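# Secondary and tertiary structure notes
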2 protein chains.
Amino acid sequence: MIGVDWGTTSFRAFRIARDGTIRDRRASQRGIMNVPDGRFGDTLREEIGPWLAAGEAHVLLSGMIGSRQGWKEAPYVPCPAGAAELAASLTDIGFDWAQVKLVPGVSGHDDSGIAEVMRGEETQVMGVPLLLRDGGIACLPGTHSKWARVRDGRIVSFTTHMTGEVFAALRGHTILGRMMRDGPAEGAPFDAGIARSAEPDGLLHHLFGVRAQTLFGRLTDTDAPAYLSGILIGHEVRAALASATAGAVIQVIGSPELTALYAKAIAACGGFAERHDGEAAARGLWQIAEHAAWA
Amino acid sequence: MIGVDWGTTSFRAFRIARDGTIRDRRASQRGIMNVPDGRFGDTLREEIGPWLAAGEAHVLLSGMIGSRQGWKEAPYVPCPAGAAELAASLTDIGFDWAQVKLVPGVSGHDDSGIAEVMRGEETQVMGVPLLLRDGGIACLPGTHSKWARVRDGRIVSFTTHMTGEVFAALRGHTILGRMMRDGPAEGAPFDAGIARSAEPDGLLHHLFGVRAQTLFGRLTDTDAPAYLSGILIGHEVRAALASATAGAVIQVIGSPELTALYAKAIAACGGFAERHDGEAAARGLWQIAEHAAWA
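This report concerns the structure included in the present document. Nothing here was measured: the structure is a model prediction, and the numbers come from that model. (Residues numbered from 1 in each chain as written. Chains lettered and ligands numbered in written order. Predicted model: local features only at pLDDT ≥ 70, side-chain atom pairs only at ≥ 80, totals over all residues. Heavy atoms only, no water.)

### Points about the overall build of chain A
Condition: Helix and strand labels come from DSSP, where a helix needs a run of H or I of at least four residues and a strand needs a run of E of at least two; each type is numbered from the N terminus. Values of the radius of gyration come from C-alpha atoms, whereas the globule rule sets the reference at 2.2 Å times the count of residues to the power 0.38. In this scheme, a residue with accessible area under 20% of its type's maximum is buried, one over 50% is exposed, and one in between is partly exposed, where area comes from a 1.4 Å probe on protein chains only. The contact criterion used is simple: two residues touch if any of their non-hydrogen atoms lie within 4.5 Å. For accessible areas, the Shrake-Rupley method is used with a probe of radius 1.4 Å. Any residue's cover is judged against the shown protein chains and nothing else. For the charge count, each Lys or Arg is scored as positive and each Asp or Glu as negative, with His and the chain ends excluded. The atom standing in for a charge is NZ when the residue is Lys, CZ when it is Arg, CG when it is Asp and CD when it is Glu.
The helix and strand tally for chain A stands at 10 helices and 15 strands. Expected size for 295 residues packed as a compact globule is a radius of gyration near 19 Å; at 20 Å, chain A falls within 12% of this value. Counting only C-alpha atoms and orienting by the principal axes, one finds that chain A spans roughly 65 × 40 × 35 Å. Out of the 295 residues in chain A, the part that is buried amounts to 57%. Restricting the contact set of chain A to residue pairs at least 6 apart, pairs at least 24 apart contribute 64%. Total accessible area computed for chain A in this model is approximately 11,600 Å², and 49% of it derives from carbon and sulfur atoms. Distance between charge centroids for chain A: 2 Å, based on 28 positive and 33 negative side chains.

### Thoughts on the relation of the copies chain B and chain A
Selection criterion: Here the copies were fitted onto each other by least squares, based on C-alpha atoms from residues at pLDDT of at least 70 in both.
With an RMSD of 0.0 Å, the fit of chain B onto chain A corresponds to turning through 180° and sliding 0.0 Å along the axis. Such values leave the two copies arranged in the relation of a two-fold axis. No C-alpha of chain B approaches the rotation axis more nearly than that of Ala 169 of chain B, which lies at 2.9 Å. When you check the interface residues of chain B against chain A, 98% turn up at the interface there too, and the contact is symmetric in its surfaces.

### Things to note about the sheet that holds strand E9 (residues 106-109) of chain B
Residues and elements named next belong to chain B. The following threshold applies: By the convention used here, strands pair only if DSSP detects at least 2 bridges between them.
Taken in spatial order, the 3 strands of this open sheet run E5-E9-E10, and their pairing is mixed. The sheet is open, and its two borders are formed by strand E5 (77-78) and strand E10 (115-118), each paired with just one other strand. Inspection of the sheet shows E9 paired to E10 by 4 bridges, in the antiparallel sense. Across the sheet, Gly 108 pairs through a bridge with Glu 116, a residue of E10.

Shown next, in the form of structure tokens:
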């Protein structure tokens, strides 16, 4: 089978053998925002044509490709949702040269009853065997970070934090960004930002401190982005850990750069973290296809 | 004398009698960002020319006009700072057709030792007699909200919250703004946002809830701005009240629209608020001039 993690800004495809082994992989910047005029079929064929020619006929897609802005809207499956529930609700694209299906998103609500949605992360969670076997908490950092509780192989609830998008908006469109130049993401300024997130007076005050620290020469323009990032990630992690069982191990899933920052933040905030790379998506797609007894 | 509160986006001038009575006032949009080519002298003369012609010769300016981006940089005075300290550190503009002086800004640090600065708010605080007499806490909402502790007529410490600028960046440059249209600032959605700020999982999670609530039709596009504003102001107020003495009355100083929102938020968060309008700046300028025995 072919599994594709097709997000807003990136496209990652995996050719997967019957036993779940990844035989081949490719990645490009052709996320749904970078596909002109809704030409998703053509794009997919260009990306995975050689694998189709080699005999693959089943393609399973997850991520924003199944959103209203994507190829076709795949309805949300409510929590609790595991591989079986996801597999039972695949959406057929109805295509001529291959069987192409979409993994649904997952809907739920937070502890206060506010609605929550995810699309793509559910598939990555299904790709971490440890979570499926023992349950626990998954953290999927990004533009909209997700923290999901898993029990008996199913996502039972989750919360979203707008951390990545808030960072971009602050850096691009406030006085903070005017004093910043690119610098290393990790290191002492990131650690200082995480420590800062534990101090009194709240996030909106800590943000202004980035300006004040720069103004008085206590923070350089290249250190400021990591300090801001540490403040935001620190606030996210502290809030999320406060809702978690004490001593819980957080399974952090994503790119090595991002999971390194989050693992560091989780440890600094008194939690325990294990890291998993983005190929969790491939394993999750295969799991779901297995449950569908389809590919 | 003539007192001018000259900020980033607005210009407000007051003609003040010897006994402190405001005899005349005018306001325009000619904040320092809207004055081309540093033509501050010409702008000032155009705005207050008739008062000068009528015999006024002393002009005291406060606000961002004394910043590096303004007419001339007026150095910061460290906390504790009252009318006497401010009056002792006026900066002379050196102008031909009138004596024009700048009120200094105030510098300090928060409880964690992080640097803080204000410019303009110190003058407004000096214009609230109750604060000068009894001490207490001033809240000056805005782009960068200030919360100042006053004792024995002097500002002893203060913190800044980036609330207004964060609201603008989120509305203008994130997915939240794409689902918003102008609506009433007060009302049930604002109250709901304040209530939301007390719930678990933190500000970065509550922000994403604005999108989720809109997506599921539980929040209209015209109600969403007030809900977002309630979330942000609620977080600011809760964090600031946590650092205040229990039962303290907060003196909220600013435009009637903004002080109404903050008074409501403070009451909803268990505090007590009194409101003061922006003419506090005029009274503060007069107080400082009196101490300088100058105008």
